[in-house]
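Remarks on the overall topology
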Amino acid sequence: MIGITAYGGYIPRLRLSRRAVVETNGWAAPGLRSQGKGERSMCNWDEDSVTMAVEAARDALGGSRGRIGALHLASTSLPFADRQNAGIVVEALDLGPEIETLDVTSSQRAGTSGLVAALKALPAGGGSTLFVASENRRSKAAGGQELAFGDGAAALLLGTEGVVAELRASHSTAVDFVDHYRGQTREFDYVWEERWIRDEGYMKLVPSAVRPALEAAGLAPADIDHFILPNPGGRVGRSMAKALGIPEPAVRDTLHATCGDTGAAHALVMLVDALERATPGQWILVAGFGQGCDALVFRTTEALAAALADAPRPLGIRGHLARGRTETNYAKFLAFNGLVERDKGMRAELDNQTALTQLYRRRRMLTGLVGGRCTACGTCQFPKTNVCVNPDCGAFHTQEDHRFADSAARILTWSADHLTYSPDPPAHYGMVEFAEGGRFLANFTDVEPGSVAVGMPMRMMFRVKDYDDNRGFRRYFWKATPAPTGEA
Amino acid sequence: MASGIRDRVAIVGMGCSKFGERWDADADDLMVEAYTECLRDSGLETKDIEAAWLATAIEEIHVGKGGIPLAFGLRLPYIPVTRVENFCASGSEALRGAVYAVAAGACDIALALGVEKLKDTGYGGLPQRSRGALNSMWWANYSAPGSFAQLAAAYRAKHGIAPEDLKRAMAHVSIKSHDNGAKNPKAHLRKPITLDTVLQAPMVAEPLGLFDCCGVSDGAACAIVTTPEIARGMGRKDFITVKAMQLSVSNGVEAGHNSWDGSYFKTARIASSRAYKEAGITDPRSQISLAEVHDCFSITELVTMEDLHLSPEGGAVTDVLDGFFDSTGGLPCQIDGGLKCFGHPIGASGLRMLYELYLQLQGRAGPRQVADPVFGLTHNLGGAPHQNVCSVVVVGRHDA
């Protein structure tokens, strides 16, 4: 049996009010006024496809890891065109270096095509593949994509042991149907007519992959319990189900009202959302559209019930969706995405060149948040250094690796700083202490002004620390964010 | 056993430029302004100086590295000149170099000069600058006010003080310094302020508003030091000697070990205890006549009163509000306006603090003069609460 053994998701905390968007842009695009309902997820300024992938993966893995033999990352919005993005995720999760990695990209189908390939390539002798899809697409201001898109990620652990959703069949087609494209040097998509995309694209290409997949699984369309078909705007699902003979109640919500379409990640985002609501013995059909179509048929197992009973549960898509914070300031979205040239002040001119030699030497510290634990006195500390920080110890060369990424933390001191440059002022930061010992002065992220207090429980998150616009680089580090305890 | 620095070195000349937004002056002009006053005060000539120390902190926008800027600026006669840098405590480090050289007998007469030209950045506040290849990759993106503001959060939590109560005490710190600065012609900020002004001011880094932050200024200050014997030989009677000179530097415990609670300066507690011992002071609250502390932010001055053992732990708020550190109080603090109003040209600040004590101890402080001071203390801090350098210097009349 091959299939999904664990799953998780991540949706950024910020939710842009579509109403705020259309109220601003209505003068130029009155046709979009009717689309001003609900919210779309939006990355904070320090999030991208890599950071979201890390969070989704952490959500799926929970505390346990097992042997992960491969990590594949699917996205069309990867921050690096030539530096393996999956490799950054591996370092951040501290899974390396004995692991196979792969970036899957260039199509909205990257999530489903990559998933099919990863499932088929699973080693027979055990070992898991962590498959992550993550998307943070750029869109022009005052266009339809801006309203339809969302940012998010999903992660699936694939394997042969403890399968919660077994892959029973899949079928893929490749048809160079160019409903939209993004040229290599372009920031934004170029899109053809919506009606043509629906009639000639979705309505013809999806059935040509779905029917053979159902046949291979020995299923009639009426057997499907959950039908997953991402489509921006969410209006194709029902007519497709009707055309295929799939019962209408099986059509999964595209999460348009609360999240938006997360591109190459969306099929997996919807699949995780479905798994969170599924019961054992159900049939799940996933269709991924984009220059052809992938269709995957899963059957949930008894292990799903056990997984759902596990504590702590991943936040998953549902949990993350419940943690949203509405952003009604559209200008913030424009500024975060570089769609307006904000006057950042001279303090933003600081040169953020990264010494790649230094980044390499300290990659476990910087990317993996690995510090030290003194074997002489037991003191945990960050960073790991040559001499123990405990004033009563001070032993040389005694520290073994100790990772703080999943450690419980609390705020010792803090401030909200309006002076230092931040893309989202005021910059919150402060000393955070870890339960097992160790501390450092950390940037905070996703905090609400006025809500920060000494003693507040925090959780570490992998985020962009600085952008180096002169060189097209971005560097990552870990920040503290309010722990989700009691909120989900 | 080291005998310490007490009474082994005399200060025989000091000078200090006008501090402020010196749009008219280069660093070179500021150095000469302070130095010419200092020479006049000492009665010495440049050829008498045998060694010199230059303090500057922010090289990125400044005079350049090494001893050359000072040697060039004053046309020093090919003597040893060393540039020192220890964050905002650099000025005290220049003094330490000169004082130790004289005490060691390496030379008879030495010069310490600190200068900073901060107002060439194009914006308010301290310059934003790189922190080094590795540090910049993981340190929080903090500013000076943001890092010192951390103290307030921890102090409130530790002593159970309501934010508005602490804010009022912090405001008193600033109001007092503005009152003092108004009487000082060399000070950068010379306007008295009201409680309302402080409380209504724009927030810089919570809970520090604009008036909780010191001035960012251009300026220079310098001192000429020699042995007490030479000072006597120069005809000086009531000269000032160094009673103690201590420096404590964080080793990472505050930043990395959970034993520090974030509400105080570990270094200041250590440096001041050592300094009192070196100076033979047993009850600083009654024996120190006046103090010039590193009031970069109001909260810094407030907690520093406890760290210097001038207020009992948790007692600074009461002392401040009672006016104990006002010009008319039991222990006048920042009688010259402090960093807050005299200004804070980084490399010069430690020497500027000493300059005021030097004047006060000789009864030369004009309208600011405190009655009959015996011991004065400077406290010069650099860095941030979780990792810093702290210098404490005690000076006094030679006969004290």
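These numbers come from a predicted model, not from an experiment.

Our focus in this paragraph is the domain arrangement of chain B. Residue and element names in this part refer to chain B. Domain boundaries in chain B define domain 1 (10-120 + 218-233) and domain 2 (143-208 + 235-397). Taking only C-alpha atoms into account, the centre of domain 1 sits 23 Å from that of domain 2. With 47 residues of domain 1 at the interface, the matching set in domain 2 holds 34 residues. When domain 1 packs against domain 2, the two sides together hide about 3300 Å² of surface, and 68% of this comes from carbon and sulfur. By the criterion of area lost to domain 2, the three top residues of domain 1 are Ile-11, Phe-19 and Cys-88, representing 21% of everything that side buries. Linking domain 1 with domain 2 are 2 salt bridges. Joining domain 1 to domain 2, the criterion identifies 20 residue pairs in polar contact (both at pLDDT 80 or more).

A word on the interface of chain A and chain B. Facing the 43 residues of chain A at the interface are 45 residues of chain B. With both chains or domains summed, chain A and chain B bury close to 3600 Å², and 59% of this area falls on carbon and sulfur atoms. Contact with chain B buries surface across chain A, with Arg-347, Arg-439 and Leu-441 of chain A losing the most and accounting together for 18% of the total. Taken together, the connections running from chain A to chain B amount to 0 salt bridges. Inspection of the region where chain A meets chain B yields 20 residue pairs in polar contact (both at pLDDT 80 or more). When contributions to the side of chain A that touches chain B are tallied by element, the ones reaching two or more residues are α12 (356-361), α13 (363-366), β19 (415-417), β20 (427-434), β21 (439-443), β22 (457-468) and β23 (473-482) of chain A. Its residues assigned to classes, the side of chain A that touches chain B shows 22 nonpolar, 13 polar and 8 charged.

Residue and element names in this part refer to chain A. On the surface, Val-178, Tyr-181, Tyr-190, Trp-192 and Trp-196 cluster together to form a nonpolar patch covering roughly 550 Å² of accessible area. Tracing the backbone through its elements, the reader meets Tyr-190 in strand β10 (residues 190-191). Tyr-190 sits in the partly exposed class, given a relative accessible area of 47%.

What follows covers the nonpolar core. Residues Leu-71, Leu-130, Leu-369, Phe-440, Phe-444 and Met-458 of chain A together with Trp-138 of chain B are the most contacted members of the largest nonpolar core, which totals 74 residues. In terms of residue count, the dominant contributor to this core is helix α2 (residues 49-61) of chain A (8 residues). When residues no more than four places from it in sequence are discounted, the contact partners of Met-458 of chain A are Ala-408, Ala-409, Arg-410, Ile-411, Val-432, Phe-444, Val-447, Ala-480, Thr-481, Pro-482 and Ala-483 of chain A. The next biggest cluster of nonpolar side chains, apart from the first, holds 49 residues, and it includes Ala-205, Ile-288, Phe-297 and Leu-310 of chain B.

Residues and elements named next belong to chain A. Structurally, the position occupied by Ser-107 is in the loop between β5 (100-104) and α4 (110-120). Residues Ser-107 and Arg-65, 42 residues apart in the sequence, show an inter-C-alpha distance of 30 Å. If near-sequence neighbours (up to four positions away) are discounted, Ser-107 is found in contact with Thr-76, Ala-264, Gly-290 and Gln-291. A distance of 3.0 Å separates polar atoms of two side chains, one belonging to Ser-107 and the other to Gln-291.

Another aspect to go through is the packing of aromatic side chains. Residues and elements named next belong to chain A. Summed over the entire model, instances satisfying the criterion amount to 24 aromatic pairs over all chains. Here the aromatic rings of Phe-382 and Phe-477 are separated by 6.2 Å at their centres, their planes lie at 35 degrees, and the arrangement is tilted. Here Phe-382, found in the loop between β16 (380-381) and β17 (399-403), pairs with Phe-477, found in strand β23; they are 95 residues apart in sequence, far enough to count as distant. The pair Phe-382 / Phe-477 is uniform in exposure class, with both members buried.

Reading guide: rules and limits
Residues numbered from 1 in each chain as written. Chains lettered and ligands numbered in written order. Predicted model: local features only at pLDDT ≥ 70, side-chain atom pairs only at ≥ 80, totals over all residues. Heavy atoms only, no water. Domains from an automatic or database assignment. Contact = heavy atoms within 4.5 Å. Buried area = accessible area lost by both parts, 1.4 Å probe. Salt bridge = Lys/Arg side-chain N within 4 Å of Asp/Glu carboxyl O. Polar contact = N/O pair within 3.5 Å; in protein donor to acceptor, adjacent residues only side chain to side chain. Helix = DSSP H or I, 4+ residues; strand = E, 2+ residues; numbered from the N terminus. Nonpolar A, V, L, I, M, F, W, Y, C, P; charged D, E, K, R; others polar. Patch = residues over 30% accessible without salt bridge, like charges linked within 9 Å, V, L, I, M, F, W, Y side chains within 5 Å. Areas by Shrake-Rupley, 256 points an atom, 1.4 Å probe, with all protein chains shown as cover. Buried < 20%, exposed > 50% of the residue type's maximum accessible area, 1.4 Å probe, protein only. Core = buried A, V, L, I, M, F, W, Y, C linked by side-chain atoms within 4.5 Å. Phe/Tyr/Trp six-rings, centres within 6.5 Å; stacked < 30°, edge-to-face > 60°.

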